[in-house]
There are 2 protein chains.
Amino acid sequence: MRDLLALTERPEVISFAGGLPAPELFDVDGIRAAFDAVLASPGVLQYSTSEGDPRLREEVARRYSIDGLPTAASDLIITTGSQQGLGLLATTLLDPGDTILVEEPCYLAALQTFALAGAHVVGVPANGDDLDLEALDRLASTHGPKFFYTVPTFQNPTGRTHGLEARRRIAEIARSRGFRIIEDEPYRQLRYSGDPLPSLAELAPEHVVSLGSFSKVIAPGLRIGWIRTTADIRSTVTIAKQAADLHTSTIDQAAAAHYLVSGRSEPALDRIRDAYAARRDAMLEALPTVLPEGSTWTRPDGGMFVWVRLPEGSDATTALRRALSRDVAFVPGTSFSSGTPDPRTLRLSFTTYSPARIREGLSRLGATWGADG
Amino acid sequence: MRDLLALTERPEVISFAGGLPAPELFDVDGIRAAFDAVLASPGVLQYSTSEGDPRLREEVARRYSIDGLPTAASDLIITTGSQQGLGLLATTLLDPGDTILVEEPCYLAALQTFALAGAHVVGVPANGDDLDLEALDRLASTHGPKFFYTVPTFQNPTGRTHGLEARRRIAEIARSRGFRIIEDEPYRQLRYSGDPLPSLAELAPEHVVSLGSFSKVIAPGLRIGWIRTTADIRSTVTIAKQAADLHTSTIDQAAAAHYLVSGRSEPALDRIRDAYAARRDAMLEALPTVLPEGSTWTRPDGGMFVWVRLPEGSDATTALRRALSRDVAFVPGTSFSSGTPDPRTLRLSFTTYSPARIREGLSRLGATWGADG
């Protein structure tokens, strides 16, 4: 599989396999101006506190509060990307052998982080296109998990979003079964259609620790994420952060805070949303004509990914080999599984190409089904 | 002790307790220009590789090689400060219950990192002002340690440097007893007098993993360090780095590489060395007149710290209380101990004040001894 994925990086390949944001949409000028402004004083070159830049925490807290989730700066710990947030929570919450629940399929790097911490990872299956809530309740009752890890909005890899009723039920199950939820929200602000939904933290404040990140909404090179923690683990998480790297880059944090305050981040994010929406639409419009009869797929209201299930008897890994021979690529769904993978599934990313290039890539993909039919 | 140290931060206090570099010596203009140059292209805002920026690794490798230690870029893994390097090595090399050896006294954050990893930490005592090499050999034979952690040059907290003969003997003991050495070198380039010494990695290449950092020679706010690893653990360390935070800030790494290539880092480091040398000299000149009869202290050729041992019967924590009442501060040596602390010891940092202010602070300190005599 690793070898196959290496082939997706040949320049002639139109690759829907990636998970990167589109670099031409980064607000280079705005970010450059922010760095230039904060580097006028030597303070940004000094050591700083493990919790993070106070001004940055204020700005992030303010945005949460506007978004309906009352948040104080002191609830936030800035991390070196949300990958570090995952690691700090694993360190803080898990002992080897502890059971946790994840969505099946699940964000790959989270699976790896939890496995590295020695966790016993149990996948909660889907019921059709949605999370199987009865299975969540049953597995929580059976296993007494330390936490349930979820990407509730525009999930990687499926693009799936838990609806309002599902969110309420997840919060209720967490309360009744007494487990925490880690709510990972890198894509929440990448919404192109539909109405915003309350976060799980709003619905079960004492049970939910949230992860956020600027990687998909400003730029990943900054390596800035955060944990919105509950009071009971705040000091433990802060100690783990201090041990991990003392603190996140003082310069990058100050520049991010300056950039948010500058007012340039919102129009830049609007440009990203507009471009991604057009790319998603191009993909969703083309899919019916290029996928084999009997395929199903998600129609996400945001994020970066569409999840496809090929017809009965198909195998996405075999399909990838054929696709690569026509210079188009995707990731088979088996890569994202905590348990029994569904070999018919695959992930398509729509963020990095123009609509025209997406149509060209999908047309190449469409030609591959005929190749063996 | 935490409460006492909080008192050292009152603005009227001349504090020799800190461990920060002097911010007025940061090359703000040079660093700002480097950020501005690299932020001309969007590539520095994208995700990058876990091993680190290839150009930065080339530059660091080139400096090692010029310094007498042949190093390839591929030997280096960029870390988010050398604190992360310590953590990654603890993750890679230690299982709970493993014994490691440290210098007594030892850099505090390293002690905390190894304790957090569940290590059994054994201190190697001093013999007068030097490391007790026979004790190192004996403790290595008794405990079969996973590694010996050392800051061989201008150590924190003692300012002590292992001489050439000691280095050769440490390398020999590591070879004969079959343990690794973690050589932590944040201060190596801060030399104000005396001749450079070979690194331990030069003397026992297969046994030594080295840690480096820009925190003391460029600026800590960058949060850039590195591990110069041996081939046998390179891939394991890289996987641990990926799990920790995917990679260090793409922007900060690119700016650091640009800054090194720009030729501005060497004159800036010369200015730091000149200023710190004058501050060290001011401290060493004043100490004989301000410390009580019978005190001894180190005379470091570089770094940031002087280590004082008060006369028989003294207690540095009691002395700190008296010192604070006269608005001067230091850190009692008990803070840096892995085993039985010596209550007569204390650490003085000479980096953050002008020579005149250092003389004023030490004069205040001198007045405190009379206070109980």
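Not measured: the values here are computed from a predicted model.

Enquirer: How would you explain the pattern of salt bridges if you had to name every residue and give the values?
Expert: Residue and element names in this part refer to chain A. Overall, the coordinates contain 42 salt bridges over all chains when judged by the stated rule. We note a salt bridge from Glu 24 to Arg 279, for which the minimum N-O separation is 2.9 Å. Here the residue Glu 24 occupies a position in the loop between strand 1 (14-15) and helix 2 (28-38), and Arg 279 occupies one in helix 11 (residues 265-290), the gap between them amounting to 255 residues. A relative accessible area of 49% means that Glu 24 is categorised as partly exposed. Through salt bridges with shared partners, a single ionic network connects Glu 59, Arg 62, Arg 63 and Glu 266.

Enquirer: I'd love a proper account of the relation of the copies chain B and chain A, names of residues and values included.
Expert: Rotating chain B by 180 degrees and translating it 0.0 Å along the rotation axis places it on chain A, where the RMSD comes to 0.0 Å. One copy is carried onto the other by what is essentially a two-fold rotation axis. No C-alpha of chain B approaches the rotation axis more nearly than that of B:Asp36, which lies at 3.3 Å. Of the residues that chain B buries at the interface, 100% are likewise interface residues in chain A, meaning the two copies contact each other through the same surface.

Enquirer: Explain helix 7 (residues 164-177) of chain B to me, and be specific about the residues and the numbers.
Expert: Along an α-helix, residues three or four apart share an orientation, since each turn contains 3.6 residues. Residues and elements named next belong to chain B. In this model helix 7 runs 20 Å from its N-terminal to its C-terminal C-alpha over 14 residues, within 8% of the 20 Å that 1.5 Å per residue would give. Looking at helix 7, one finds that the buried residues are Ala 166, Arg 167, Ile 170, Ala 171, Ile 173 and Ala 174. For helix 7, the arc enclosing every buried residue in end-on projection is 160 degrees, short of the 170-degree limit, so these residues lie on one face. Away from its buried face by more than 90 degrees, helix 7 exposes Glu 165 and Ser 176. Following helix 7 by one or two positions, Gly 178 has its phi on the positive side, about 70 degrees.

Enquirer: Could you give an account of the domain arrangement of chain A, naming the residues involved and the relevant values?
Expert: All names here are of chain A. What the domain assignment lists for chain A is domain 1 (2-26 + 267-370) and domain 2 (28-262). Relative placement of domain 1 and domain 2: their C-alpha centres are 26 Å apart. Inspection of the region where domain 1 meets domain 2 yields zero salt bridges. Across the contact surface, domain 1 and domain 2 share 13 residue pairs in polar contact (both at pLDDT 80 or more). Per-element accounting of the side of domain 1 that touches domain 2 gives the leading share, seven residues, to helix 11.

Enquirer: So, the interface of chain B and chain A: which residues are in play, and what are the values?
Expert: If you look at the interface, chain B gives 39 residues, while chain A gives 39 residues. Taken as a group, B:Arg32, B:Leu45 and B:Tyr47 account for 19% of the area that chain B buries against chain A, more than any other trio of residues on that side. With a shortest N-O distance of 3.2 Å, A:Asp36 and B:Arg32 are connected by a salt bridge. When residues of the side of chain B that touches chain A are traced back to their parent elements, those giving at least two are helix 2 (28-38), helix 4 (81-93), helix 9 (234-245) and helix 10 (250-262) of chain B. Among the elements that make up the side of chain B that touches chain A, the one with the highest residue count is helix 2 of chain B (five residues).

Enquirer: Before we move on, can you summarise the sheet that holds strand 11 (residues 296-297) of chain A with the specific residues and values?
Expert: Residues and elements named next belong to chain A. Ordered by their spatial adjacency, four strands build an open sheet running 11-12-15-14, and the pairing between neighbours is antiparallel. Edge positions in the open sheet fall to strand 11 and strand 14 (331-332), since each of these has one partner strand only. With five bridges joining them, strand 12 (residues 305-309) and strand 15 (residues 345-349) adopt antiparallel strand pairing. If you follow Trp 307 over to strand 15, its bridge partner there is Arg 347.

Enquirer: Tell me about the nonpolar core, and please be specific about residues and values.
Expert: One finds A:Phe114 and B:Phe114 to be the most contacted residues of the largest nonpolar core, which totals 240 residues. If sequence neighbours within four positions are ignored, A:Phe114 has contacts with A:Leu86, A:Ala90, A:Leu94, A:Ile100, A:Val102, A:Ala119, A:Val121, A:Phe147 and A:Tyr149.

Enquirer: Give a description of the packing of aromatic side chains that names residues and reports values.
Expert: All names here are of chain A. Applying the stated criterion across every chain yields a total of 17 aromatic pairs over all chains. Relative to Phe 305, the ring of Tyr 187 has its centre 6.1 Å away and its plane inclined at 90 degrees; by these criteria the two rings are edge-to-face. On the criterion of sequence distance, the pair formed by Tyr 187 in the loop between strand 8 (180-184) and helix 8 (200-203) and Phe 305 in strand 12 is long-range, its members being 118 residues apart. By relative accessible area, which is 1% here, Phe 305 ends up buried. With centroids separated by 6.1 Å and ring planes inclined at 70 degrees, the aromatic side chains of Trp 307 and Phe 336 adopt a geometry described as edge-to-face. With a gap of 29 residues between them, Trp 307 in strand 12 and Phe 336 in the loop between strand 14 and strand 15 connect regions that are remote in the sequence. Here the two residues Trp 307 and Phe 336 agree in accessibility, since each one is buried. By way of ring pairs, the aromatic residues Phe 114, Phe 147 and Tyr 149 are connected into one cluster. Positioned above the aromatic ring of Tyr 64, the side-chain terminus of Arg 228 is 5.9 Å from the ring centre.

Enquirer: Account for the packing of helix 4 of chain B against helix 9 of chain B, naming residues and giving values.
Expert: Residues and elements named next belong to chain B. Two numbers describe how helix 4 lies on helix 9: the axes approach to 9 Å, and their chain directions differ by 120 degrees. Judged by the angle between their axes, helix 4 and helix 9 are oblique. In the packing of helix 4 onto helix 9, the handedness of the crossing is right-handed. The residues of helix 9 that touch helix 4, namely those facing Gln 84, Leu 88, Leu 89, Thr 91 and Thr 92, are Thr 236, Val 237, Ala 240, Lys 241, Ala 244 and Asp 245.

Enquirer: Just give me the short version of the side chain of A:Arg347, but keep the residues and values in it.
Expert: Residue and element names in this part refer to chain A. With respect to the helices and strands, Arg 347 occurs in strand 15. A polar atom in the side chain of Arg 347 sits 2.9 Å from the backbone oxygen of Ala 17. Among the polar contacts listed, one links the side chain of Arg 347 to the backbone oxygen of Gly 18, at a separation of 3.3 Å. Apart from residues lying up to four places away in sequence, Arg 347 is in contact with Phe 16, Ala 17, Gly 18, Gly 19, Asn 156, Pro 157, Phe 305, Val 306, Trp 307, Phe 330, Val 331 and Phe 336.

Rules of the game
Residues numbered from 1 in each chain as written. Chains lettered and ligands numbered in written order. Predicted model: local features only at pLDDT ≥ 70, side-chain atom pairs only at ≥ 80, totals over all residues. Heavy atoms only, no water. Salt bridge = Lys/Arg side-chain N within 4 Å of Asp/Glu carboxyl O. Helix = DSSP H or I, 4+ residues; strand = E, 2+ residues; numbered from the N terminus. Buried < 20%, exposed > 50% of the residue type's maximum accessible area, 1.4 Å probe, protein only. Least-squares fit on C-alpha atoms with pLDDT ≥ 70 in both. Contact = heavy atoms within 4.5 Å. Expected span 1.5 Å × (residues − 1). Arc of directions from axis to C-beta. Domains from an automatic or database assignment. Polar contact = N/O pair within 3.5 Å; in protein donor to acceptor, adjacent residues only side chain to side chain. Buried area = accessible area lost by both parts, 1.4 Å probe. Pairing = 2+ DSSP bridges. Core = buried A, V, L, I, M, F, W, Y, C linked by side-chain atoms within 4.5 Å. Phe/Tyr/Trp six-rings, centres within 6.5 Å; stacked < 30°, edge-to-face > 60°. Lys NZ or Arg CZ within 6 Å of the ring centre and 35° of its normal. Axes fitted to C-alpha atoms, helices over the stretch in contact; angles between N-to-C directions. Parallel < 35°, antiparallel > 145°, perpendicular 65-115°, else oblique. Left-handed = near helix turned anticlockwise from the far one by under 90°.

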